[in-house]
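The primary structure of each chain is shown beneath.
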Amino acid sequence: MVSVAARRSGVAFAEGRGLSQRRATALLRTSRSTLKYKSRKAAADAAVIARMTELAAKYPRFGYRRIQVYLEREGFVMNGKRMHRLWRVAKLQLPRKRPRKRVRGTVRGVPETPVTSNEVWSYDFVFDHAANGQQIKCLTVVDEGTSEGLAIDVAGSIRSRRVIEVLSRLVSERGPPKVLRSDNGPEFVSRALLKWVAGEGIESALIEPGKPWQNGTCESFNGKFRDECLSVEWFRSRDEARVLIEQWRRHYNEDRPHSALGNLTPADYAAKLAAGEIAPRKRRRTQPATGRPAAICEASAARPVAPTDAVGQCA
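Residues numbered from 1 in each chain as written. Predicted model: local features only at pLDDT ≥ 70, side-chain atom pairs only at ≥ 80, totals over all residues. Heavy atoms only, no water.

Draft legend 1. Focus on the packing of helix α8 (residues 216-230) against helix α9 (residues 238-254). Contact geometry of α8 with α9 gives a least axis separation of 11 Å together with a crossing angle of 120 degrees. With respect to their mutual orientation, α8 and α9 come out oblique. Every pair of crossing elements has a handedness; the one defined by α8 and α9 is right-handed. Taken together, the residues of α9 that come into contact with α8 (itself represented by Phe221, Lys224, Phe225, Glu228, Cys229 and Leu230) are Ile245, Trp248 and Tyr252. Partitioning the contact of α8 with α9 into residue classes produces seven nonpolar, no polar and two charged. (Axes fitted to C-alpha atoms, helices over the stretch in contact; angles between N-to-C directions. Helix = DSSP H or I, 4+ residues; strand = E, 2+ residues; numbered from the N terminus. Parallel < 35°, antiparallel > 145°, perpendicular 65-115°, else oblique. Left-handed = near helix turned anticlockwise from the far one by under 90°. Contact = heavy atoms within 4.5 Å. Nonpolar A, V, L, I, M, F, W, Y, C, P; charged D, E, K, R; others polar.)

Set out below in structure tokens:
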């Protein structure tokens, strides 16, 4: 036993076994004056731990680094070592996620990182069920340049026509993006959607089959969406799911700190980027490798027909 606290507990145990306090301190080689010592650290950390526990209960899937950002907003400024120590004292550690085995990808399929807003939008589907048995299908649309969750459309069934309606609303509000990135799902390669994309002057980038990491930004958003919303909330019906999911999307954009954005919220990052207060992030790749470009030669073209490394052209 090295620490003073351990020696005090040893003295208490010896006294419980019938030894006197003087004899117990002599055997454990500790001073009797230390038995009356009261740590000031616990009193100083009590307020921080209490607030930390409240935030951890409110955001059960946040780690200590993201909770530290919330504490700093409220005036509890501390370094990472103290934050981690208090996090462990409060026993708020999250279970480690087991890594999944992935198929080795090729360099050709690595997408280029956008640096501004409205440069690349990515979209995908997430599924869940309500307590009454209704299926919940969510269309998520993410701006890769600012990590903003542009929309989460909730319905029982979402076909290509509804996808077009959601994208048309976003285009009317924010303007069209340069590129739309998605997988090869039937809703994303339908004739109607590809025709609408071509009519809006938007490039379509389809990832290679079996390689979801090429749509990494949207996959990351979907993972946070499931971890922090779908796995936490209990939806009694699909209508309740729409309300709670929209509340989470606004929380994600306007309140939740994003470590990749310097602990800014996506909305704050987009505003400062538009105002020129911060510099855009550097691109990780210089070659335009955004997956397989979709080519539309006629209204009946339902799937991309152009080669992987060339832009689709009409014959």
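Moving on from the coordinates now.
Draft legend 2. Geometry of the packing of aromatic side chains. Applying the stated criterion across every chain, the model contains nine aromatic pairs. The ring of Phe125 is capped by Lys137, whose NZ or CZ atom sits 4.3 Å from the centre of that ring. (Phe/Tyr/Trp six-rings, centres within 6.5 Å; stacked < 30°, edge-to-face > 60°. Lys NZ or Arg CZ within 6 Å of the ring centre and 35° of its normal.)

Draft legend 3. Geometry of the confidence of the model for the protein chain. Mean pLDDT for the protein chain: 83, with 84% of residues reaching 70 or above. Across residues 105-110, confidence stays below pLDDT 50; counting only partners more than four residues off in sequence or on other chains, it has twelve contacts. Predicted confidence for residues 286-315 stays below pLDDT 50, and this span has 65 contacts to residues more than four positions away or in other chains. (pLDDT = per-residue confidence, 0-100.)

Draft legend 4. Summary view of helix α6 (residues 160-174). Here α6 spans 21 Å end to end across 15 residues, near enough to the 21 Å set by a 1.5 Å rise per residue. Of all the residues in α6, the buried ones are Ser160, Val163, Ile164, Val166, Leu167, Leu170 and Val171. All buried residues of α6 fall inside an arc of 165 degrees around its axis, so they share one side. Set apart from the buried face of α6 by more than 90 degrees, the exposed residues are Arg161, Glu165, Ser172 and Glu173. Looking at the packing, one finds that the buried side of α6 touches β1 (120-129), β2 (135-143), β3 (148-155), β4 (179-182) and α7 (191-199). (Expected span 1.5 Å × (residues − 1). Buried < 20%, exposed > 50% of the residue type's maximum accessible area, 1.4 Å probe, protein only. Arc of directions from axis to C-beta.)

Draft legend 5. Representation of the nonpolar core in the model. Formed by 21 residues in total, the largest nonpolar core has its most connected members in Tyr123, Leu139, Val141, Val163, Leu193 and Trp196. By residue number, the principal contributor to this core is α6, which donates six residues. With near-sequence residues (within four places) excluded, Tyr123 lies in contact with Leu139, Thr140, Val141, Val163, Leu167, Leu180, Arg181, Ser182, Phe188, Leu193, Asn215 and Cys218. Membership of the second largest hydrophobic core comes to 18 residues, among which are Ile136, Leu244, Trp248 and Tyr252. (Core = buried A, V, L, I, M, F, W, Y, C linked by side-chain atoms within 4.5 Å.)

Draft legend 6. How the structure looks around unusual backbone geometry. Non-glycine residue Arg29 carries a positive phi angle of around 55 degrees. Considering the arrangement of structural elements, one finds Arg29 in the loop between α2 (21-27) and α3 (41-58).

Draft legend 7. Looking closely at the environment of Glu15. Mapping Glu15 onto the fold places it in helix α1 (residues 4-16). Sequence-wise, Glu15 and Thr25 are ten residues apart; in three dimensions their C-alpha atoms are separated by 9.7 Å. Here Glu15 is in contact with Ser20 and Gln21, once residues within four sequence places are set aside. Within the structure, Glu15 has its side chain in polar contact with the side chain of Gln21 (distance 3.5 Å). (Polar contact = N/O pair within 3.5 Å; in protein donor to acceptor, adjacent residues only side chain to side chain.)

Draft legend 8. Region of the structure containing the side chain of Arg256. Inspection of the secondary structure assignment puts Arg256 in the loop between α9 and α10 (266-275). For Arg256, a relative accessible area of 2% translates into the label buried. A distance of 2.8 Å separates polar atoms of two side chains, one belonging to Arg256 and the other to Glu228. Excluding residues within four positions of it along the chain, Arg256 makes contact with Phe62, Arg66, Tyr70, Lys224, Glu228, His251, Leu264, Thr265 and Pro266.

Draft legend 9. How the structure looks around the pairing of β2. Along β2, eight of the nine residues are buried, which leaves the element largely enclosed by surrounding structure. Here β1 runs beside β2; their pairing, made up of nine bridges, is antiparallel. Directly across from Asp124, in β2, lies its bridge partner Thr140. The antiparallel pairing of β1 with β2 creates a hairpin that spans five residues between the two strands, and Gly133 there sits at a positive phi of about 95 degrees. Counted between consecutive antiparallel strands, the loop separating β2 from β3 contains four residues, among which Ser147 sits at a positive phi close to 65 degrees. (Pairing = 2+ DSSP bridges.)

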